[in-house]
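# Observations on chain architecture
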Amino acid sequence: MRRTQVGIIGAGPAGLLLSHLLHQAGVESVVLECRSRSYVEQRIRTGVLEDGTRQILQRAGVGERMMREGMVHGGIFIAFEDRLHHIDFPELTGGHTIVVYGQQEVVKDLIRGAAGGGWGDLVRSRGGAHRGASGPTRHRLPVPGRLGGAAGVRLRGGM
Ligand SMILES: Cc1cc2nc3c(=O)[nH]c(=O)nc-3n(C[C@H](O)[C@H](O)[C@H](O)COP(=O)(O)OP(=O)(O)OC[C@H]3O[C@@H](n4cnc5c(N)ncnc54)[C@H](O)[C@@H]3O)c2cc1C
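Residues numbered from 1 in each chain as written. Predicted model: local features only at pLDDT ≥ 70, side-chain atom pairs only at ≥ 80, totals over all residues.

The next subject is the overall build of the protein chain. Scanning the protein chain for helices and strands turns up seven helices and eleven strands. Evaluated residue by residue, the protein chain yields a buried proportion of 28% over its 159 residues. Within the protein chain, contacts between residues at least 6 apart in sequence are counted, and of these 62% link residues at least 24 apart. (Helix = DSSP H or I, 4+ residues; strand = E, 2+ residues; numbered from the N terminus. Buried ≥ 20, exposed ≤ 12 C-beta atoms within 10 Å, placed from the backbone. Contact = placed C-beta atoms within 7 Å.)

So, about the nonpolar core. Soluble globular proteins: nonpolar side chains tend toward being buried together. Among the nonpolar cores identified, the biggest contains 21 residues, and Leu16, Val31, Val106, Val107 and Leu110 are the most heavily contacted of them. Going through the elements one at a time, helix H1 (13-24), strand E2 (29-33), strand E7 (98-100) and helix H6 (103-113) are the ones with two or more residues in this core. A domain-level breakdown of this core finds at least three residues from each of domain 1 (1-45 + 102-159) and domain 2 (48-101). The residues touching Val106, leaving out its near neighbours within four places in the chain, are Pro13, Leu57, Met66 and Tyr101. (Core = buried A, V, L, I, M, F, W, Y, C linked by C-beta atoms within 7 Å. Domains from an automatic or database assignment.)

Time to look at the confidence of the model for the protein chain. With 71% of its residues at a pLDDT of at least 70, the protein chain reaches an overall mean of 80. E7 holds the highest mean pLDDT among the elements of the protein chain, 97, whereas strand E9 (residues 129-132) holds the lowest, 39. Residue range residues 127-152 is modelled with pLDDT below 50. Its contacts to residues more than four positions away, or to other chains, number 40 contacts. (pLDDT = per-residue confidence, 0-100.)

On to the sheet that holds E7, then. Reading across the sheet, the three strands line up as E3-E7-E4 and stay open at both edges, with antiparallel pairing between neighbours. Edge positions in the sheet fall to strand E3 (48-49) and strand E4 (71-73), since each has one partner strand and no second. (Pairing = 2+ DSSP bridges.)

Here it is as structure tokens:
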């Protein structure tokens with residue numbers, strides 16, 4: 001049986017980023033996910049990342065594709081009574097912008113960059129077949145969401 005220091009429930013952006021940050025701090029973790037890799041990588045949700053999220057992802061070393069392929073957005077126009085009003089984000093927020101980049105792309109970047117290994121080494125999904133360090137493996141969590149170990153963390157994050 002594999003032992004780990006921290007168990008994280010859910011391979012969403014919050015769980016994957018926490019696992020990545022723990023790895024950088026020298027703390028081992030495993031992420032337990034009840035869905036398949038293709039599900040979490042394709043689930044469309046957030047399309048806009050706030051500046052704080054951009055900064056965290058860049059500092060963690062997983063923001064390179066986001067900055068290359070994402071669209072940095074400095075404002076919007078609102079049409080009101082036949083006039084366009086420009087809402088200038090940097091001017092109104094002391095320099096902050098947003099990045100248009102899908103949450104599913106963040107998840108892919110975190111899985112690829114995570115803990116030096118990727119999905120098979122990082123995530124245990126219920127019943128999902130995936131490739132681990134020693135070849136294809138199949139994992140089944142006896143009770144989804146229950147974990148024996150030093151610490152289990154269930155996360156609710158935001159993007
Ligand atoms: C339709 C939609 C549109 C959105 N648009 C925006 C937006 O424009 N801007 C914005 O900032 N935010 C938006 N959000 C919110 C954003 O998607 C969430 O803030 C973000 O997904 C939270 O990340 P998370 O990692 O905490 O949770 P999630 O992304 O929900 O990930 C949790 C993971 O845990 C897994 N899981 C749950 N229970 C268990 C269990 N018992 N055992 C194992 N695995 C489990 C789930 O399968 C999932 O993969 C939107 C959300 C939705 C649904």
